[in-house]
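Residue-level listing of the chains:
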Amino acid sequence: MTILLATDFDSAEQRLWLELLQAALPDERFVSDRQAVDDATIDIAIVANPPPGALRGLANLRLIQSLWAGVDKLLGDPSVPPQVTIARMVDPAMNAAMAETALWAVLSLHRGFFTYAAQQRARHWQPLVQRRADEVAVAVLGLGQMGRAVALRLAAQGYRVSGWSARPAELASIHTHTGDDSLGPLLARTDLVVNLLPLTPATRGLLCARTFDAMPRGASLVNLARGAHVVDADLLAALDRGHLQHAVLDVFATEPLPADHRYWLHPNVTVLPHAAAQTDARSAAAVAAANVRRVRFGEPPQSLVDRRRGY
Ligand code: NAP
Ligand code: GLV
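Figured I'd write up the structure that's included with this text.

What counts and how
Residues numbered from 1 in each chain as written. Chains lettered and ligands numbered in written order. Predicted model: local features only at pLDDT ≥ 70, side-chain atom pairs only at ≥ 80, totals over all residues. Heavy atoms only, no water. Near = heavy atom within 4 Å. Polar contact = N/O pair within 3.5 Å; in protein donor to acceptor, adjacent residues only side chain to side chain. Areas by Shrake-Rupley, 256 points an atom, 1.4 Å probe, with all protein chains shown as cover. Helix = DSSP H or I, 4+ residues; strand = E, 2+ residues; numbered from the N terminus. Domains from an automatic or database assignment. Phe/Tyr/Trp six-rings, centres within 6.5 Å; stacked < 30°, edge-to-face > 60°. Nonpolar A, V, L, I, M, F, W, Y, C, P; charged D, E, K, R; others polar. Axes fitted to C-alpha atoms, helices over the stretch in contact; angles between N-to-C directions. Parallel < 35°, antiparallel > 145°, perpendicular 65-115°, else oblique. Left-handed = near helix turned anticlockwise from the far one by under 90°. Contact = heavy atoms within 4.5 Å.

## What about the site of ligand 1?
- Inspection of the region around ligand 1 gives 29 residues, with Arg88, Met146, Arg167, Asp250 and Tyr311 positioned closest.
- Gln145 has a polar backbone atom sitting 2.9 Å from an oxygen atom of ligand 1.
- Its free accessible area being 940 Å², ligand 1 has 91% of it covered by the protein chains.
- Elements with a contribution of two residues or more to the shell around ligand 1: helix 3 (92-111), helix 5 (145-156) and strand 7 (160-165).
- Two domains share the shell around ligand 1, each providing at least three of its residues, namely domain 1 (2-91 + 279-296) and domain 2 (92-271).

Shown next, in the form of structure tokens:
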């Protein structure tokens, strides 16, 4: 049988992945060009943002292993065979990278480091009032692989951390909240919101005027999940009128962020190029290989996507 690597990688990245996967699974046959083999031999696909239609008609596919944690694009492609098991990337190395990014963003907002950077550009000397970490309330939306790692790292740093999830969750030293009705009251007592939700029909556009209005004046947003969680016009309006103080945005509805987008030059927006937690080929190839081995041994693969929930 054959494993198809279907990605939007450039040729160097594609070669690196093929080398790492082949080294981890020396007995497997990999192809990155579907035309190179008979479709009937392809039973596993390892994918990273494949072009829509890349998996269409693969009748013998048994596993789609995503190299991305978020599978919203994959699930949005109607040509992905509906009966096939999808596993997503769950890699402690990615969770650790996400926790680092969230810590940097929260620390920078709490201590005013984005303001100091702007002051430096204006040659303006102005120390800000210094708050303690335990005076800052942070809400982490999504308490999955990423959200939990982030919440625990922020709590270890001394922040007052709450978390929000679909189902009840327990996490030491984190105040957890569940369900739509709890979101408004949670946001009302939050200084910094960190978004780590998956993009689903229930979460698309969740960060909108209603959400921003629920947050106290002077609160800030850190979006590390997906651009389509945010209604951009509402966020810009909330920043422009000073209701929200700052937004750290790693992800955007259109990526790369178009050159003429207002976010680029907005004084209260910090833009990252979807780099909060990149898939690390060294560790992620091993995660993908382990799932392939499970399938070959007739065991269920890990980190399965629940298509009904959409994540
Ligand atoms: P995950 O393990 O599937 O966790 C998702 C969390 O969101 C779970 O706690 C889930 O609740 C919660 N949730 C889902 N729908 C909800 C709803 N309607 N209301 C309240 N809570 C809801 O996902 P993950 O691995 O942490 O990744 C999260 C997202 O991060 C990914 O989907 C991706 O979009 C993004 N991401 C971004 C980058 C980057 O570089 N920027 C890198 C990796 C991932 P339950 O626990 O109750 O199911
Ligand atoms: C990155 O955004 C991912 O979902 O892995």
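## Details of the packing of aromatic side chains
- The tally for this structure, following the rule as stated, stands at four aromatic pairs.
- On the numbers, 5.5 Å between centres and 85° between planes, the contact of Trp104 with Phe114 is edge-to-face. Here Trp104 is found in helix 3, whereas its partner Phe114 is found in helix 4 (residues 113-121), with 10 residues between them in sequence.

## A look at the site of ligand 2
- Around ligand 2, the neighbouring residues are Trp68, Ala69, Gly70, Met94, Arg226 and His274.
- In this structure, Ala69 approaches ligand 2 through a main-chain N or O atom, which is 2.7 Å from an oxygen atom.
- A distance of 2.7 Å separates an oxygen atom of ligand 2 from a polar side-chain atom of Arg226.
- In isolation ligand 2 exposes 190 Å². Once the protein is present, 88% of that is buried.
- Grouping the constituent residues of the shell around ligand 2 by class yields three nonpolar, two polar and one charged.

## Considering the packing of helix 3 against helix 5
- One way to put it is that helix 3 packs onto helix 5 with a least axis distance of 8 Å and a crossing angle of 50°. When the axis of helix 3 is compared with that of helix 5, the two are oblique. In terms of crossing hand, the pair formed by helix 3 and helix 5 is right-handed. Of helix 5, the residues touching helix 3 (which contributes Met94, Asn95, Ala96, Met98, Ala99, Glu100, Ala102, Leu103 and Val106) are Gln145, Met146, Ala149, Val150, Arg153 and Leu154.
- Its residues placed into classes, the contact of helix 3 with helix 5 shows 11 nonpolar, two polar and two charged.

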